[in-house]
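Working through the structure, step by step
If you want the building blocks of each chain, they are given just below.
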Amino acid sequence: MDYLELAKTVGILTGISGGLALLMSIAQNTIGNYGEKEITINGEKKLIMDGGDTLLAGLIDNEVFLPSACGGKGTCGYCKCKVLSGGGQLLATETGLVTPEEAAEGIRLSCQLKVKEDIQIEIPQEYLDLKQWETVAYRIDDVTPTIKRVFLRLPEGEEINFKPGQYVQILAPEYQGNDEEVYRAYSIASSPSKKDEIELLIGYIPEGIATTYVHQHLKEGDTLNIIGPFGHFFYQDTDKPMIFVGSGTGIAPNLSILRYMQENDIQRPGIFLSAGRKIEDLPMKEEIDAIAADLPNIKMIWSVTGADPGTWDGPTEWVTDGLKKLVDDAKDSEAYLCGSPVTIEQIVDVLTEKGMTEDEIFYDKFQ
Ligand code: FES
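Residues numbered from 1 in each chain as written. Predicted model: local features only at pLDDT ≥ 70, side-chain atom pairs only at ≥ 80, totals over all residues. Heavy atoms only, no water.

Points about empty space enclosed by the protein
As enumerated under the stated definition, the model contains one cavity of 30 Å³ or more in all. If you add up the space inside the largest cavity, you get close to 40 Å³. Lining the largest cavity we find Leu273, Ser274, Ile301, Ser303, Pro315, Glu317, Trp318, Val319 and Gly322. Elements supplying a minimum of two residues to the lining of the largest cavity: strand S13 (270-276), strand S14 (298-304) and helix H7 (319-326). Its residues placed into classes, the lining of the largest cavity shows five nonpolar, three polar and one charged. (1 Å grid on protein atoms, 1.4 Å probe; cavity = no way out; pocket = protein on both sides within 12 Å on 5 of 7 lines; lining within 4 Å. Points joined across faces, edges and corners; volume = space filled by probe spheres on them. Helix = DSSP H or I, 4+ residues; strand = E, 2+ residues; numbered from the N terminus. Nonpolar A, V, L, I, M, F, W, Y, C, P; charged D, E, K, R; others polar.)

Following this line, the structure appears as structure tokens:
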């Protein structure tokens, strides 16, 4: 190749790459850039958000909070809302959690839906009352080898009004090894009579973004943003016998209910089953036994499934087997369950076999 040909080839290649760079730049500025879009909520409230964002992200930017327990990954199903217009077709990433009946009504996962046009949505009015606070983690205790008890104080003069059993979402910020902010849900363990602070039990999950933040980075005196309160799992004002089940951090919402009952001298009959593999896996056992002592009609049943020989003389079965043994007839009782989806499904099977109807079973599934 002579110098003239070489120069021509270089010129052509430079032209092609320059053209490609121009095309990519145009694409970046057009594809995925939908401009500002209007979201109308419940026919009244109007918000402006950047097109191309997810609906959930756009709502959060405008301080409208939908429940979310999976950080927008499309796995919890909590962020559902009804889309009246706009929003396009249901996506493959939604079909696992949106039933065909829900889809026919316009129900969508707001964390999956990308806003490309003006949208009208319907959400429960109570979500518009949710608030966000910058709290201070003023005390952090280890209550088991894997569970921390975190006390959060609201800003001066602020109050959180929640029902015993409800939860908040904490915002885990970016930290070394994690470059995204994520919301995660945690049940409130404290009594609703304490309105200027809340208490959470946060278990460590290896590689869990929020749990790693709390267990390895959050220090006493640090701030932590929370949103809430959320949830339809809360104390029901009836006089039915109660069946509580919760182990590990799953004890938290039922602890809030027990505290509420203790403070209000609500003496309903019931049992409370909680299990751990080792004795040290039973969180706050002494404190909960002391609360239960003021509720003599509630029988606390702690079980340890893998205690070292000679260290435990109480029950040793898991909660499902404990329930089968202890409950003959669950008809006209009420159940408050918190735990993994698998455990809850097994418990619901046991209780319905023993006569409990599904509308008497309240549960809070871990995500
Ligand atoms: S936030 Fe969990 S499915 Fe949307």
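Overview of the sheet that holds strand S3 (residues 80-85)
Across the sheet, five strands lie side by side as S2-S1-S5-S3-S4; this open sheet has mixed pairing. Both edges of this open sheet fall to strand S2 (45-50) and strand S4 (107-109), since each of them pairs with a single strand only. Taking the axes of each pair of neighbouring strands and ignoring which way they run, one obtains an average angle of 40° across the sheet. The pairing of strand S1 (residues 36-41) with S2 spans six bridges and is classified as antiparallel. Within S2, the position partnered with lysine 37 by the bridge is methionine 49. (Pairing = 2+ DSSP bridges. Axes fitted to C-alpha atoms, helices over the stretch in contact; angles between N-to-C directions.)

Some remarks on the packing of H7 against helix H8 (residues 341-353)
Running from amino to carboxyl end, H7 crosses H8 at an angle of 10°, the nearest separation of the two axes being 10 Å. With respect to each other, H7 and H8 are oriented roughly parallel. Across the interface between the two elements, Val319, Thr320, Leu323 and Lys324 of H7 pack against Thr343, Gln346, Ile347, Val350 and Leu351 of H8. (Parallel < 35°, antiparallel > 145°, perpendicular 65-115°, else oblique. Contact = heavy atoms within 4.5 Å.)

Some words on the domain arrangement of the protein chain
Taken domain by domain, the protein chain comprises domain 1 (36-127), domain 2 (130-230) and domain 3 (242-365). Contacts between domain 2 and domain 3 engage 19 residues on the former and 18 residues on the latter. Around 1400 Å² of area is buried between domain 2 and domain 3 when both sides are counted, 61% of it from carbon and sulfur atoms. It is Pro164, Ala189 and Leu201 in domain 2 that bury the most area against domain 3; as a group they hold 31% of the surface buried on that side. The tally of links from domain 2 across to domain 3 stands at two salt bridges. (Domains from an automatic or database assignment. Buried area = accessible area lost by both parts, 1.4 Å probe. Salt bridge = Lys/Arg side-chain N within 4 Å of Asp/Glu carboxyl O.)

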